[in-house]
Structure formats: C-alpha cells, structure tokens
Amino acid sequence: QLQLVESGGGLVQPGGSLRLSCAASGFTLDVYAIGWFRQAPGNEREGISCISSSNGTTHSADSVKGRFTISRDNAKNTVYLQMNSLKPEDTAVYYCAADLFRLCGLPITADFGFWGQGTQVTVSS
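Residues numbered from 1 in each chain as written. Predicted model: local features only at pLDDT ≥ 70, side-chain atom pairs only at ≥ 80, totals over all residues. Heavy atoms only, no water.

S.K.: Would you take a moment to explain the packing of aromatic side chains for this structure?
M.R.: The geometry of an aromatic ring pair is captured by two quantities: the separation of the ring centres and the angle between the planes. Counted under the stated rule, the structure contains five aromatic pairs. Between phenylalanine 37 and phenylalanine 112, the ring centres sit 5.2 Å apart and the planes meet at 80°, which makes this aromatic pair edge-to-face. Separated by 75 residues along the polypeptide, phenylalanine 37 in strand β4 (residues 32-39) and phenylalanine 112 in the loop between β9 (92-100) and β10 (114-115) bring together distant segments of the chain. Grouping residues by exposure puts phenylalanine 37 and phenylalanine 112 together as buried. Seen in terms of ring centroids, phenylalanine 37 and tryptophan 115 are 4.8 Å apart; in terms of plane orientation they differ by 50°. Their pairing is tilted. Of this pair, phenylalanine 37 sits in strand β4 while tryptophan 115 sits in strand β10, and the two are 78 residues apart along the sequence. Three or more aromatic residues joined by ring pairs make a cluster, and in this case those are Phe37, Tyr95, Phe112 and Trp115. If you follow arginine 45 out to its NZ or CZ, it ends over the ring of tyrosine 95, 4.1 Å from the centre. (Phe/Tyr/Trp six-rings, centres within 6.5 Å; stacked < 30°, edge-to-face > 60°. Helix = DSSP H or I, 4+ residues; strand = E, 2+ residues; numbered from the N terminus. Buried < 20%, exposed > 50% of the residue type's maximum accessible area, 1.4 Å probe, protein only. Lys NZ or Arg CZ within 6 Å of the ring centre and 35° of its normal.)

Printed below as a string of structure tokens:
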C-alpha cells in the first residue's frame, strides 16, 4: 500500500522549534518530489516548501524562508521539515505530498498526486 504519514506536530511556544517527518511506505521517495503544505481554518492551502525528485533542489515560500528547512533521507525513506522561530501565524494543519518526477518551483502549487493525512501544529503562549 502506498502511504505518506506525517508526524512531529504538537503545541509549541512562539520562538520554539519543531521537526516534522513525512515517512513513505510502498514506494521510494527518491523519484518523487515532496512538498510541505499547511492550511489554517478559513485559509487556502499554502505551499511552503518543496524538494525536487531529480536533483534535490529545494524551494521555500517567502512566509517561511530562513526559518524552515526541508531535507530528504533516502536511506530512511523520509522527508523532514525543520521549523525554527515559530510564530502564532504558523498554526495550521501541515501536510506532506508526493508527485512523481516533479521539479519544484515557485509558487509551490497544490497539484500533487498523493497526500498524507496531516499533522496539527499549534504555536501559542
């Protein structure tokens, strides 16, 4: 079965850090681009970071650039999103998504083929 499972979300204070994981089963991530997206109530789903399938090139949205870092560990078949300097406006459900042979670009659009279930991130004092 093809699955993407996000983990690592939770409650954190402003200025804190979290690391989200996106673990794949049933396929290998090295031939897929992986995007991270987030959606807060009443807002559109926002593409925030992406790593390309072919060369590992990364892109990040302006809203998270300099604070969030995406990385891939092919040996563990997992993609990570390291989130630092978190702000209350980062509160959202975070999703990872896969797209075969995609080359990432800006903006990071939500037309990926395969999605995980999401994990809640809440930034609050």
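Okay, back to it.
S.K.: Explain the environment of threonine 78 to me, please; I cannot follow it from the model alone.
M.R.: Note that threonine 78 resides in strand β8 (residues 78-83). Accessibility expressed as a relative area gives 7% for threonine 78, which makes it buried. Those residues in contact with threonine 78 that lie beyond four places of it in its chain are Ser21, Cys22, Ala23, Leu29, Ser71, Arg72 and Asp73. A polar atom in the side chain of threonine 78 sits 2.9 Å from the backbone oxygen of lysine 76. (Contact = heavy atoms within 4.5 Å. Polar contact = N/O pair within 3.5 Å; in protein donor to acceptor, adjacent residues only side chain to side chain.)

S.K.: Honestly, unusual backbone geometry in this entry has me stumped. Any pointers?
M.R.: For residues that are not glycine, phi is negative in most cases, and the peptide bond is trans in most cases. Cis geometry marks the peptide bond from leucine 106 to proline 107, where omega comes out at -5°. Along the chain, proline 107 falls in the loop between β9 and β10.

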